[in-house]
Amino acid sequence: MLTTRAQTHTACSPETTTSPPLTETPGRRHAVVGFGNLFRGDHGLGLYALEALEQVGFGPDVHLDYIAGDYRNLMPCLYSAHAVVILQADVVTGRPGDVHDLDLDRFRTLAALDHRIPSRRVALAEMLGTIETAHRLPPQLRIILVDPDPTRDAHGACLSPAARRGVRRAVELTACFLEKNHAVCRHGRIADRVHRIPWLNMAF
């Protein structure tokens, strides 16, 4: 994170004995955090979304972080960030490929209604609460969930056709959110770009 420190100058007058205090202005920082298990089919979509966002062309001001599953690793990803998107697969409607773009309040409501044990949604909501108590959450925060196809859970690294459509929509929503919060694409964003994952021979 880049920071700028205001310089202080001592006046020439002999009566002046103190200087103005040093102040810090944190630089704007954007982050996208993708969660998921790469070896459980659509549940690895957080990584694929990050690969697509890297192809979109945002500069180094946008940090892309992949976390396999331990939400405790989320805190350093959010530290000093201004605008953050969290992406992961989650069964919300049960219709594979459905995309849910949520602010923090709506996500917490959704988590409170989730009675599954264990629940990754509840675990994420609890970790966000811990971060909020220990430090602070970014002023701008979105959680984007994509419904996975559960029939693909045992297929290893892959994405179902429905999840590919969902990830493409999630990437578009993320890019729009970042641009709204003043993130800049280095060469201008192409809205209808085809995203390719060469190591899976996959495009969406």
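Keep in mind that what you see is a predicted model, and the values were worked out from it rather than measured.

Reading guide: rules and limits
Residues numbered from 1 in each chain as written. Predicted model: local features only at pLDDT ≥ 70, side-chain atom pairs only at ≥ 80, totals over all residues. Heavy atoms only, no water. Buried < 20%, exposed > 50% of the residue type's maximum accessible area, 1.4 Å probe, protein only. Helix = DSSP H or I, 4+ residues; strand = E, 2+ residues; numbered from the N terminus. Arc of directions from axis to C-beta. Contact = heavy atoms within 4.5 Å. Pairing = 2+ DSSP bridges. Right-handed = clockwise from strand over helix to strand, strands pointing away. Core = buried A, V, L, I, M, F, W, Y, C linked by side-chain atoms within 4.5 Å. 1 Å grid on protein atoms, 1.4 Å probe; cavity = no way out; pocket = protein on both sides within 12 Å on 5 of 7 lines; lining within 4 Å. Points joined across faces, edges and corners; volume = space filled by probe spheres on them. Nonpolar A, V, L, I, M, F, W, Y, C, P; charged D, E, K, R; others polar. Axes fitted to C-alpha atoms, helices over the stretch in contact; angles between N-to-C directions. Salt bridge = Lys/Arg side-chain N within 4 Å of Asp/Glu carboxyl O. Parallel < 35°, antiparallel > 145°, perpendicular 65-115°, else oblique. Left-handed = near helix turned anticlockwise from the far one by under 90°.

Student: Explanation requested: helix H3 (residues 104–112) in the structure shown.
Tutor: Residue pairs three or four apart in sequence face the same way in an α-helix, which turns once every 3.6 residues. Taken residue by residue, H3 has Leu104, Phe107 and Ala111 as its buried positions. End-on, the buried residues of H3 take up no more than an arc of 65°, which puts them together on one face. Facing away from the buried surface of H3 by more than 90 degrees, the exposed residues are Asp105 and Ala112. In this fold, the buried residues of H3 make contact with strand E6 (99–102), helix H4 (120–134) and strand E7 (140–146).

Student: Can you walk me through the pairing of strand E3 (residues 30–35) in this structure?
Tutor: Two faces make up the sheet, and in a regular strand the side chains alternate between them. Counted residue by residue, E3 has 6 buried out of 6 residues, so it is predominantly covered. Every second residue of E3 is oriented toward a common face, with His30, Val32 and Gly34 on one face and Ala31, Val33 and Phe35 on the other, all of them buried. Bridge count between E3 and strand E4 (residues 62–67): 6 bridges; the pairing is parallel. Residue Val33 lies in a different strand from E4, and its bridge partner there is Asp65. Crossover E3 to E4 through helix H1 (residues 45–56) is right-handed.

Student: Hey, could you run me through the nonpolar core in this one?
Tutor: The nonpolar side chains of a soluble globular protein tend to be buried with one another. With 32 residues, the main nonpolar core has Val32, Tyr48, Phe58, Leu87, Leu159 and Phe204 as its most contacted residues. Excluding anything up to four places from it in sequence, Leu87 contacts Val32, Val33, Gly34, Phe35, Gly46, Ala49, Leu53, Ile144, Ala170 and Thr174. With 24 residues, the next largest nonpolar core counts Ile67, Tyr71, Phe107 and Ala111 among its residues.

Student: Teacher, can you tell me more about the layout of surface pockets here?
Tutor: Regions of empty space are outlined by a rolling probe, equal in size to a water molecule, passed over the atoms. A volume near 260 Å³ is recorded for the largest pocket. Lining the largest pocket we find 15 residues, and of these Arg40, His43, Gln88, Ala89 and Arg120 sit closest to its centre. Of the residues that constitute the lining of the largest pocket, the class distribution is 5 nonpolar, 6 polar and 4 charged.

Student: Please explain the sheet that holds E3 as it appears in this structure.
Tutor: Strands in a sheet are paired, the pairing made by backbone hydrogen bonds, and the direction either parallel or antiparallel. In spatial order, the strands read E4-E3-E5-E7-E6; together these 5 strands make up an open sheet with mixed pairing. Two strands close off the open sheet at either side, each with one partner strand: E4 and E6. Pairs of neighbouring strands in the sheet enclose a mean axial angle of 15°, with direction left out of account. By the bridge criterion, 5 bridges tie E3 to strand E5 (residues 83–89) in an arrangement that is parallel. For Gly34, the partnering residue across the bridge sits in E5 and is Leu87.

Student: How should the pattern of salt bridges be read in this particular structure?
Tutor: Counting across every chain of the model gives 9 salt bridges. The closest approach of N and O atoms between Arg142 and Asp101, which form a salt bridge, is 3.2 Å. Placement of Arg142 in strand E7 and of Asp101 in strand E6 is noted, with a sequence separation of 41 residues between them. In this structure, Asp114 engages Arg116 in a salt bridge whose closest nitrogen and oxygen atoms are separated by 2.7 Å. Residues joined by salt bridges that share partners form a network here, namely Asp90, Asp114, Arg116 and Arg121.

Student: How should I be thinking about the packing of H3 against H4 in this particular structure?
Tutor: Axis angle and axis distance: for two packed helices, these are the angle between their axes and the distance between the axes, and together they describe the pair. It is at 9 Å that the axes of H3 and H4 come closest, and there the two elements cross at 130°. Looking at the two axes, H3 sits oblique to H4. Judged by the twist between their axes, the crossing of H3 over H4 is left-handed. Each of Leu104, Phe107, Arg108, Leu110 and Ala111 in H3 lies in contact with H4, whose residues at this interface are Arg121, Val122, Leu124, Ala125, Leu128, Gly129 and Glu132. When grouped by side-chain class, the residues that make up the contact of H3 with H4 number 8 nonpolar, 1 polar and 3 charged.

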